[in-house]
Amino acid sequence: HWGYGKEDGPSAWHRQYPVAKGNRQSPIDIIPNEARRDSTLGPIFLKYDQCRSLNIANNGHSVVVEFDDSDDRSVVLGGPLDNPYRLKQFHFHWGGKGCEGSEHTVAGVGYASELHVVHWNAVKYKTYNDAAAAPDGLAVLGIFLELGDDHRWLHMMTDALYMVKFKGSATDFKGFNPKCLLPNSLHYWTYLGSLTTPPLHESVTWIVLKEPIVVSEKQLGMFRMLQFNGEEEDQRMRMENNFRPPQNLKERIVRSSN
Ligand SMILES: NS(=O)(=O)c1ccc(O)c(NC(=O)NCCCCO)c1
Ligand SMILES: [Zn+2]
């Protein structure tokens, strides 16, 4: 199975997932001066007030909070999107102690972590899995995390991490609204890309916010109590450095909101 180690990590994924060498892979290095300011790009709107979080889980690659996506109660719309995309889950990617951990980089500089809020096109596709394999199936909001003071609300999630220490563990996680994890500004870069983990489907319209949120080293350190391995496995592997490095931009341009 794939992972983030020397033998099963990002440089090996192409063997089982040849699309890893495709033309619209993610993440990328975003170069602000080369992004095309596009006046036709409107603001994005995040309609999360009616969202219903269900559970928090360790899937062996990250920690994921899942939402009830049985109707259009919580969606992202506007910006580069032609219709509303339904909120499905959010998860994080992070580094080891003090080293980089984001997936996208900005002019070659990485952040300590990156939050991905995943939405799917339920107007055109019947299921999330169908959407995840379609070129306009997913819209993922990328939010950078930089180190500084404690984040006021992140503790609501990090307090639950001890319940999902091992791969395959999950627990109820109700009443969490990801709006509390957004920065002040919704200015963004957008480009067409892919899932950053296998199966690496080229199905994502990326919307990467320019303004990071701030979390403390202590809070980010809580993520590293998680493990890649299941409880019954004898090899204990701390969950960290679960990020794919930037991929070739190929024939793409990155657009910038105003
Ligand atoms: N990082 S991402 O581009 O935002 C992203 C968004 C949605 C996804 O579905 C995946 N990948 C995924 O689900 N892979 C299946 C195996 C994982 C659980 O076993 C990655
Ligand atoms: Zn991700």
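Residues numbered from 1 in each chain as written. Chains lettered and ligands numbered in written order. Predicted model: local features only at pLDDT ≥ 70, side-chain atom pairs only at ≥ 80, totals over all residues. Heavy atoms only, no water.

**Re the nonpolar core**
Then, number 1: Ranked by internal contacts, the top residues of the largest apolar core, which has 49 residues, are I56, V63, F90, F92, L141, M157 and F223.
Then, number 2: Elements supplying a minimum of two residues to this core: β3 (44-47), β5 (63-67), β7 (85-94), β9 (113-120), β10 (138-147), β13 (204-209), β14 (213-215) and α4 (217-223).
Then, number 3: The element contributing the most residues to this core is β7, with five residues.
Then, number 4: Among residues more than four places away in sequence, those in contact with F92 are S62, V63, S113, E114, L115, L145, L154, M157, L181, F223 and N242.
Then, number 5: Ranked by size, the runner-up nonpolar core spans 21 residues in total, among them V106, Y111, Y125 and L195. (Core = buried A, V, L, I, M, F, W, Y, C linked by side-chain atoms within 4.5 Å. Buried < 20%, exposed > 50% of the residue type's maximum accessible area, 1.4 Å probe, protein only. Helix = DSSP H or I, 4+ residues; strand = E, 2+ residues; numbered from the N terminus. Contact = heavy atoms within 4.5 Å.)

**Details of the confidence of the model for the protein chain**
Do not read the predicted coordinates in detail wherever pLDDT is low.
Then, number 1: Confidence in the prediction for the protein chain averages 98 pLDDT; 100% of positions are at 70 or higher.
Then, number 2: This prediction of the complex comes with two scores: 0.98 for pTM and 0.96 for ipTM. (pLDDT = per-residue confidence, 0-100.)

**With respect to the site of ligand 1**
Then, number 1: Among the 14 residues in the neighbourhood of ligand 1, the closest are listed as H91, Y128, T196, T197 and P198.
Then, number 2: Within the side chain of H91, an N or O atom sits 3.2 Å from a nitrogen atom of ligand 1.
Then, number 3: Taking H93, its side chain carries an N or O atom lying 3.3 Å from a nitrogen atom of ligand 1.
Then, number 4: About the coverage of ligand 1: the protein hides 78% of its 480 Å² of free accessible area.
Then, number 5: Tallied by class, residues from the shell around ligand 1 come to seven nonpolar, seven polar and no charged. (Near = heavy atom within 4 Å. Polar contact = N/O pair within 3.5 Å; in protein donor to acceptor, adjacent residues only side chain to side chain. Areas by Shrake-Rupley, 256 points an atom, 1.4 Å probe, with all protein chains shown as cover. Nonpolar A, V, L, I, M, F, W, Y, C, P; charged D, E, K, R; others polar.)

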